[in-house]
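Descriptive structure summary
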Amino acid sequence: LAKTTQPISMDSYEGQEVNITCSHNNIATNDYITWYQQFPSQGPRFIIQGYKTKVTNEVASLFIPADRKSSTLSLPRVSLSDTAVYYCLVGRGAAGNKLTFGGGTRVLVKP
Amino acid sequence: NAGVTQTPKFRILKIGQSMTLQCAQDMNHNYMYWYRQDPGMGLKLIYYSVGAGITDKGEVPNGYNVSRSTTEDFPLRLELAAPSQTSVYFCASSLRTGDGYGYTFGSGTRLTVV
């Protein structure tokens with residue numbers, strides 16, 4: 001399973017864009033990159049998933065360079081309610097996929 | 001849409017007691033998972049299942065057992081509870097992996113072993 005490295009914490013202010021970069025140097029050819037958000041006392045929530053290039057949905061964008069050894073989750077114009085822990089996961093899109101959650105990045109959005 | 005339902009939400013167990021954490025999903029998902037999350041830490045996979053009748057161990061299976069007799073249900077059994085099993089337990093399910101399919105998590109069961 002590919003190991004991921006992401007910052008432990010980040011601070012931001014309301015209205016700013018937050019970019020969280022995740023390193024996954026030993027990503028395998030058929031691995032997907034998935035990001036989850038977790039609020040206190042809740043289960044993680046799926047945000048976005050990608051394989052290569054750029055993926056965008058109503059919540060975030062995911063940028064993946066050509067070598068796929070890193071990825072960046074971009075949260076546009078954050079609000080206080082975006083304060084959460086964000087997890088980067090790398091794993092195969094095949095049967096029996098066992099995603100490993102690391103420590104995540106604690107994002108604190110300040111007023 | 002109920003999604004993934006976990007019961008109970010809270011439980012206090014005495015050392016040596018046993019209990020079953022219930023997990024049910026109504027999305028007809030093939031894959032189901034059990035994770036535990038210790039305070040301030042990430043989630044660790046305990047067991048997972050790729051379909052009814054098929055289960056396999058994750059990172060931290062010791063002290064736990066699972067069964068998957070139906071697509072909907074994936075109970076987690078704790079035998080001889082120990083203080084080290086104090087944690088928040090999350091059940092998750094997915095239709096498949098990749099191509100934009102993520103996990104749907106339940107709201108968790110907070111377990112304290114005293």
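Just so we're clear, the structure is a prediction, and the values are computed from it rather than from any experiment. (Residues numbered from 1 in each chain as written. Chains lettered and ligands numbered in written order. Predicted model: local features only at pLDDT ≥ 70, side-chain atom pairs only at ≥ 80, totals over all residues. Heavy atoms only, no water.)

1. What about the sheet that holds strand E7 (residues 64-66) of chain B?
Residue and element names in this part refer to chain B. With antiparallel pairing, the 4 strands of this open sheet are ordered in space as E1-E3-E8-E7. Two strands bound the open sheet, and with one partner strand each, they are strand E1 (4-7) and E7. Neighbour to neighbour, the strand axes of the sheet diverge by 20° on average, direction disregarded. Pairing of E1 with strand E3 (residues 19-25), which is carried by 4 bridges, proceeds in the antiparallel orientation. Directly across from Gln-6, in E3, lies its bridge partner Cys-23. (Pairing = 2+ DSSP bridges. Helix = DSSP H or I, 4+ residues; strand = E, 2+ residues; numbered from the N terminus. Axes fitted to C-alpha atoms, helices over the stretch in contact; angles between N-to-C directions.)

2. Remarks on the environment of Arg106(A)
For Arg106(A), the position within the fold is in strand E9 (residues 105-110). Beyond its immediate sequence surroundings of up to four residues, Arg106(A) is in contact with Ile8(A), Ser9(A), Met10(A), Ala84(A), Val85(A) and Gly40(B). (Contact = heavy atoms within 4.5 Å.)

3. Topic: the pattern of salt bridges
This structure, assessed with the given rule, holds 3 salt bridges over all chains. The partner of Asp11(A) in a salt bridge is Lys110(A), and the shortest N-O contact between them spans 3.2 Å. Separated by 99 residues along the polypeptide, Asp11(A) in strand E1 (residues 9-13) and Lys110(A) in strand E9 bring together distant segments of the chain. In this structure, Arg77(B) and Glu79(B) form a salt bridge, with 3.1 Å as the shortest nitrogen-oxygen distance. (Salt bridge = Lys/Arg side-chain N within 4 Å of Asp/Glu carboxyl O.)

4. A word on the pairing of strand E5 (residues 43-51) of chain B
Residue and element names in this part refer to chain B. Counting buried positions along E5 yields 7 of 9 residues, so the element is predominantly enclosed. Sheet topology places strand E4 (residues 31-37) next to E5; 6 bridges connect them, and they run antiparallel. Across the sheet, the residue bridging to Gln-37 is Leu-43, located in E5. Of the strand pairs in this sheet, E5 and strand E6 (residues 54-57) are connected by 4 bridges, and their pairing is antiparallel. By the bridge assignment, Tyr-47 is partnered in E6 with Lys-57. Hairpin connection between E5 and E6: a loop of 2 residues separates the two successive antiparallel strands, and Gly-53 in this loop has a positive phi of roughly 85°. (Buried < 20%, exposed > 50% of the residue type's maximum accessible area, 1.4 Å probe, protein only.)

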